[in-house]
Amino acid sequence: MNTEILPVNDESIRLAGRFIREGQIIGIPTETVYGLGADALNEQAVMKIFAAKGRPADNPLIVHVSCEEEIKPLVTEIPETARLLMKRFWPGPMTLVLPKAHCIPDVVSAGLDTVGIRMPESAAARAIIRESRRPIAAPSANTSGRPSPTTAMHVYEDLHGKIPLIIDDGPCRVGVESTVIDARGEIPVILRPGGITAEMIMQAVGSVRIDEHVMQPVAEGEAVRSPGMKYKHYAPKAKVVIYDGRPEAVQAAICRRYDAFTGKACILGRTEHNYGNRRVISLGSLQHPEEAAAALFAALRELDEEGIELALCEAVDQQGIGLAVMNRMGRAAAFDIERCL
Ligand code: TXA
Ligand code: MG
């Protein structure tokens, strides 16, 4: 199959909508990461997503809508807290887990009685949903286990030959996936941190909980609230180690390890820190924590491209969007974190 990459315009959006209606899967831009979209109500189409990504069948998909009226038929109930969150943060990088309606095929929800719903901020994404006249099920458009794609080229790298179309809307603004929230109870529970931060949720509804597995690996056989927590994620071929602690101590420890390593090493650090001639990929300025989120997945892909064997990462502050960055970095490192005093 030939994979076409088209910029956003009326014609490409119409084509995208037609492909979705016809049961094809396509690459779709959003403000978080690129998605691999299919008609959420078409079981055959959704199965193509799992096949193309090599995704485990027990990991459910997020269903994307373009406006509020489209949510009602997809869920059986919208509790008050969920309503507040929707009002405050949609359209935007937030997914709400709600009790699912019958029309959602089991392949989408992976057999759970809930479904994750998201209204993206990206105008192109919403235009494609509107044009298709379908809710769109879309995981991140990467091969399972690889870093999520933040450019159309990343999607192409992983899925060319398997999908007919990628709509290119440039690099994703946020760069990490949406915040996934279990919104069935009074207190929202963050299952995956993202662009809508714990602090923002706290301010909007007065309470928030963060699932323990956000910054901890899942033990063999342990029950989780979100299947995605179980899987190895974002792992480049390189060994990834995170250094956390006093900045001077972190930089010194990274330099020591880098210099002692005889293979190809690389540092993922902040622009303010000077590593001399050592190979560094920047995660942006300390003054702008959102730059680390926007840069992380491309940096992880770059490691593989350069054949890096050891990646030494500066930890980022876990406040705000930093929690999402550390969750992804932590998983890429299998939570191998060195504390520096
Ligand atoms: O930003 C995003 O959320 C992107 C863009 C394309 O919208 N999508 C995305 O989808 O990241 P995916 O499939 O790569 O990640 C969805 C995560 C998985 O960890 C999955 O386990 C969890 O959300 N999830 C989906 N439905 C769920 C449910 N009903 N209950 C608990 N967790 C759920
Ligand atoms: Mg994903």
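Everything in this summary refers to the structure shown in the same document. Predicted model only: the values in this text are computed from it and were never measured.

## Structural notes on the environment of Arg-279
Then, in step 1: Tracing the backbone shows Arg-279 in the loop between strand E13 (265-269) and strand E14 (280-282).
Then, in step 2: Of the residues examined, Arg-279 reaches a relative accessible area of 33% and is grouped as partly exposed.
Then, in step 3: With sequence-adjacent residues up to four places away left out, Arg-279 is seen in contact with Tyr-258, Ala-265, Cys-266, Ile-267, Glu-302 and Glu-306.

## Examining the environment of Arg-225
Then, in step 1: Note on placement: Arg-225 falls in the loop between strand E11 (209-210) and strand E12 (239-245).
Then, in step 2: Given the relative accessible area of 46%, Arg-225 is considered partly exposed.
Then, in step 3: Each C-alpha atom of the pair Arg-225 and His-213 lies 9.1 Å from the other, and the pair is 12 residues apart in sequence.
Then, in step 4: Look past the residues within four positions of Arg-225 in its chain and what remains in contact with it is Asp-182, Val-189, Leu-191 and Asp-211.
Then, in step 5: A distance of 3.3 Å separates polar atoms of two side chains, one belonging to Arg-225 and the other to Asp-182.

## A closer look at the packing of aromatic side chains
Then, in step 1: Per the stated rule, a full pass over the model turns up 1 aromatic pair.
Then, in step 2: Geometry around Phe-19 places Arg-18 over its ring, the cationic atom sitting 5.9 Å from the centre.

## A look at the side chain of Glu-314
Then, in step 1: In this fold, Glu-314 is placed in strand E15 (residues 310-314).
Then, in step 2: Apart from residues no more than four positions distant in its own chain, Glu-314 is found in contact with Tyr-243, Val-250, Gln-251, Ile-254, Leu-268, Gly-269, Arg-270, His-273, Tyr-275 and Met-329.

## Side note on the site of ligand 1
Then, in step 1: Taken together, 26 residues are adjacent to ligand 1, and Thr-32, Asn-59, His-64, Ser-178 and Gly-228 come closest.
Then, in step 2: At 2.9 Å, a side-chain N or O of Arg-192 approaches an oxygen atom of ligand 1.
Then, in step 3: Interatomic distance of 2.8 Å between a backbone N/O atom of Gly-228 and an oxygen atom of ligand 1.
Then, in step 4: With the chains in place, 96% of the 680 Å² that ligand 1 exposes on its own is no longer accessible.
Then, in step 5: Those elements that provide at least two residues to the shell around ligand 1 are strand E4 (62-64), strand E6 (114-118) and strand E10 (189-192).
Then, in step 6: In terms of residues, the shell around ligand 1 owes the most to one element, E6, which gives 4 residues.
Then, in step 7: Here the shell around ligand 1 is built from residues that sort into 11 nonpolar, 10 polar and 5 charged.

## A short note on the nonpolar core
Then, in step 1: One finds Ile-71, Leu-96 and Ile-117 to be the most contacted residues of the largest nonpolar core, which totals 46 residues.
Then, in step 2: Sorting the residues of this core by element identifies strand E3 (35-39), helix H2 (43-53), helix H3 (80-89), strand E5 (94-99), helix H4 (106-109), E6, helix H6 (152-159) and helix H7 (198-205) as the ones contributing at least two each.
Then, in step 3: Setting aside anything within four residues of it in sequence, one finds Ile-71 in contact with Val-65, Ile-78, Met-86, Trp-90, Ile-117 and Met-119.
Then, in step 4: Grouped together as the second largest cluster of nonpolar side chains are 31 residues, Ala-299, Ile-321, Ala-332 and Ala-333 included.

## What to know about the sheet that holds E12
Then, in step 1: The strand order across the open sheet formed by 5 strands is E14-E13-E15-E12-E16, and the pairing between neighbours is parallel. For this open sheet the edge positions go to E14 and strand E16 (337-340), each flanked by a neighbour on one side alone. Each neighbouring strand pair of the sheet contributes to a mean axis angle of 25°, computed without reference to strand direction.
Then, in step 2: As defined by bridge partners, E12 adjoins E15 across 5 bridges and the pair is classed as parallel. Within E15, the position partnered with Val-240 by the bridge is Ala-311.
Then, in step 3: Relative to E13, helix H9 (residues 289-305) is tilted by about 175°, and along the sheet it contacts E13, E14 and E15.
Then, in step 4: Along the sheet, helix H10 (residues 322-332) contacts E12 and E15; its crossing angle with E12, the most-contacted strand, is approximately 135°.

Definitions and limits used
- Residues numbered from 1 in each chain as written.
- Chains lettered and ligands numbered in written order.
- Predicted model: local features only at pLDDT ≥ 70, side-chain atom pairs only at ≥ 80, totals over all residues.
- Heavy atoms only, no water.
- Helix = DSSP H or I, 4+ residues; strand = E, 2+ residues; numbered from the N terminus.
- Buried < 20%, exposed > 50% of the residue type's maximum accessible area, 1.4 Å probe, protein only.
- Contact = heavy atoms within 4.5 Å.
- Polar contact = N/O pair within 3.5 Å; in protein donor to acceptor, adjacent residues only side chain to side chain.
- Phe/Tyr/Trp six-rings, centres within 6.5 Å; stacked < 30°, edge-to-face > 60°.
- Lys NZ or Arg CZ within 6 Å of the ring centre and 35° of its normal.
- Near = heavy atom within 4 Å.
- Areas by Shrake-Rupley, 256 points an atom, 1.4 Å probe, with all protein chains shown as cover.
- Nonpolar A, V, L, I, M, F, W, Y, C, P; charged D, E, K, R; others polar.
- Core = buried A, V, L, I, M, F, W, Y, C linked by side-chain atoms within 4.5 Å.
- Pairing = 2+ DSSP bridges.
- Axes fitted to C-alpha atoms, helices over the stretch in contact; angles between N-to-C directions.

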